[in-house]
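# Breakdown of the fold
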Amino acid sequence: MKSSIIIIIIFSGVMALIGTMLGAILGVTMNKPSRRFLGNIIGFASGLMLSIVVFELIPDAINKMGIIGALMFLILGIIIVVIIDRSSNLSSNVNSQHTKVAFMVAVGIMIHNFPEGLVMGFGFANGDNLGLKMSMIIAIHDIPEGLAVAAPLMLSGIKSNKILFYAFLTALPTAIGAWIGIYIGSISVVVLGSALAFASGVMLYVIHGEMIPESKKLWPGITSTLGILLGMIVGLLMINVI
């Protein structure tokens, strides 16, 4: 049992790391990507995350703990990230704004990845294909997440090696969540539901308060809006096909 737990932790961490680092590497290796490209990428990532939150995380949370409990933890997630946002104390200059967006996205992704790991651990522990399904979804949708972290940092002039390191850190909570999920998944479904609802609240604020505005600021044209919608469509397909 102990060896299988170690394998699951390593597997979940590697799957999350592959997608995130691919996205970040793609971001830092591009030679001065245009504002239009960065705006579209952040828009696509926000649409993808929104689709995952609305069509999978929130329904799963409601199924596991009911609508009232899910709403309470969702609102708690929003409140916590608002406090983090207000206490970040970054100045209003352009570089700091890009850094703030990257920070908020990274925090949201890290908190979002933790319950993803819980779901993976829960799925593997119960012998169904939920763990494998979530692993595949994580690997795919973490690519634009890695880009979403890298893009604003690139605009801030942060060195490539630091961007890759920050992207690497965002993937670690998945492995931690998988480890914890193996132990609590079969014991407390309510805990899992509360984590999913909390992450949903965090991601909703980050998406609507930071990512979409940043996408529209970088490129106010229609393509950034289409990028958001495309991300939602891709996310919906991922949830129902994979």
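Structure: see above.
In short, a report on the structure.

Calculation notes
- Each chain has its residues counted from 1, running along the sequence as written.
- Owing to the predicted nature of the model, reporting of local features is limited to residues with pLDDT of at least 70; listing and counting of side-chain atom pairs is limited to 80 or more, with chain, interface and lining totals taken over all residues.
- Water and hydrogen atoms play no part in the side-chain values, which are based on all heavy atoms of the structure.
- Labels follow the DSSP assignment, with helices taken as runs of H or I lasting at least four residues and strands as runs of E lasting at least two, numbered in each case from the N terminus.
- Expected helix span is given by 1.5 Å per residue-to-residue step, counting one fewer step than there are residues.
- Partly exposed describes any residue whose relative accessible area lies between the buried limit of under 20% and the exposed limit of over 50%, with all areas from a 1.4 Å probe on protein chains only and scaled to the type maximum.
- Our arc is simply the arc of the directions from the helix axis toward the C-beta atoms.
- Every patch collects residues that have over 30% relative accessible area and no salt bridge, joining them within 9 Å if they carry like charges and within 5 Å if they are nonpolar side chains (Val, Leu, Ile, Met, Phe, Trp, Tyr).
- Surface accessibility in these figures is a Shrake-Rupley result with a 1.4 Å probe; residues are shielded only by whichever protein chains are displayed.
- Salt bridges, as used here, are contacts in which a Lys or Arg side-chain nitrogen is within 4 Å of a carboxyl oxygen on Asp or Glu.
- Grouping buried Ala, Val, Leu, Ile, Met, Phe, Trp, Tyr and Cys residues that are joined through side-chain atoms within 4.5 Å yields what is termed a nonpolar core.
- Bend is the name given here to the angle between axes fitted to two runs of seven residues, the run ending at a residue and the run starting at it.

## A word on helix 7 (residues 222-241)
The terminal C-alpha atoms of helix 7 lie 28 Å apart, and with 20 residues this matches the ideal 28 Å at 1.5 Å per residue to within 8%. Those residues of helix 7 lying buried are S224, G227, I228, G231, G235, M238 and I239. Projected down its long axis, helix 7 carries its buried residues within an arc of 100 degrees, all on one side. With respect to the buried face of helix 7, the exposed residues turned more than 90 degrees away are I222, N240 and V241.

## Examining a nonpolar patch on the surface
On the surface, I62, I67, I68, L71, M72, F73, I75, L76, I79, I80 and I83 cluster together into a nonpolar patch covering about 950 Å² of accessible area. Assignment of secondary structure puts L71 in helix 2 (residues 35-87).

## So, the nonpolar core
Judged by nonpolar contacts, the single largest core of 28 residues is most densely connected at M49, I207 and M211. V28, V149, L153 and I163 belong to the second largest nonpolar core, which has 5 residues in total.

## A closer look at helix 6 (residues 189-218)
Look at helix 6: 41 Å from first C-alpha to last across 30 residues, which is about the 44 Å you get at 1.5 Å a residue. Remark: the principal bend of helix 6, roughly 40 degrees, maps to I207. Burial analysis of helix 6 places 22 of its 30 residues in the buried class, which makes it a mostly covered element.

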